[in-house]
Amino acid sequence: MAGEAEKLFKDLGEKIEQLIEKAKHASADVREEMKEPIEKLKKERDKLEKKMVDFRDKNEPKIEEAKHHLKTAIDEMSKAFEKMFRKGPGAEEYKD
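Residues numbered from 1 in each chain as written. Predicted model: local features only at pLDDT ≥ 70, side-chain atom pairs only at ≥ 80, totals over all residues. Heavy atoms only, no water.

Chemist: Looking at this structure, I do not really get the overall build of the protein. What am I missing?
Modeler: Per the secondary structure count, the protein includes three helices and zero strands. Along the protein, helices and strands appear, N-terminal first, in the series α-α-α. The long-range fraction of contacts in the protein, counting pairs at least 24 apart against all pairs at least 6 apart in sequence, stands at 73%. Accessible area for the protein stands at about 6,900 Å²; split by element, carbon and sulfur atoms hold 51% of it. (Helix = DSSP H or I, 4+ residues; strand = E, 2+ residues; numbered from the N terminus. Contact = heavy atoms within 4.5 Å. Areas by Shrake-Rupley, 256 points an atom, 1.4 Å probe, with all protein chains shown as cover.)

Structure below.
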């Protein structure tokens, strides 16, 4: 579990960095619009990571039980990223 969780958090960090990079190349208005959601996503990621570490430290045998819940939370954050990418620079590339 620890390896999987670390990979999920690494992937999430990479997605945040991709979003930041996209924002750098956007107009000032779009950069400003994306600033707050990016910060919220970073804070949420950090909170989830801290909860996972705290839980692991207190409940090592129960980590497998938490795996599903953690993955679900990270999947939801990934969906938020996808939604932001569609709104951000290059949104026309993602039209449905």
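Moving on from the coordinates now.
Chemist: Is there a simple way to think about the pattern of salt bridges in this case?
Modeler: Side-chain pairs of opposite charge can arise whenever the charged atoms involved come near each other. Going through the model one piece at a time under the given rule, you end up with 10 salt bridges. Taking the shortest distance from any N to any O, the salt bridge between Lys10 and Glu14 comes out at 3.7 Å. Of this pair, Lys10 and Glu14 both sit in helix α1 (residues 2–24), four residues apart, which is roughly one turn of the helix. Take Lys10: its relative accessible area is 55%, and that puts it in the exposed class. Judged by relative accessible area, Glu14 falls into the partly exposed class, the value being 37%. (Salt bridge = Lys/Arg side-chain N within 4 Å of Asp/Glu carboxyl O. Buried < 20%, exposed > 50% of the residue type's maximum accessible area, 1.4 Å probe, protein only.)

Chemist: Help me understand the nonpolar core, please; the structure alone is not making it clear to me.
Modeler: Generally speaking, nonpolar side chains in soluble globular proteins are found buried as a group. In this structure, Phe9, Leu19, Ile38 and Phe81 are the most contacted members of the largest nonpolar core, which totals 17 residues. Every element with two or more residues in this core is listed here: α1, α2 (28–58) and α3 (63–87). When near neighbours in sequence (up to four residues on either side) are disregarded, Ile38 contacts Ile16, Leu19, Ile20, Ala23 and Met84. (Core = buried A, V, L, I, M, F, W, Y, C linked by side-chain atoms within 4.5 Å.)

Chemist: Mind showing me how you'd approach the environment of Lys67 here?
Modeler: Note that Lys67 resides in helix α3. You can call Lys67 partly exposed: its relative accessible area is 28%. Once the C-alpha coordinates of Lys67 and Glu4 are considered, the two residues, 63 residues apart in sequence, prove to be 8.9 Å apart.

Chemist: Sorry, what's going on with the side chain of Arg45 here?
Modeler: Among the structural elements, Arg45 can be located in helix α2. Classification of Arg45 as buried rests on a relative accessible area of 17%. With sequence-adjacent residues up to four places away left out, Arg45 is seen in contact with Phe9, Leu12, Gly13, Ile16 and Met77.

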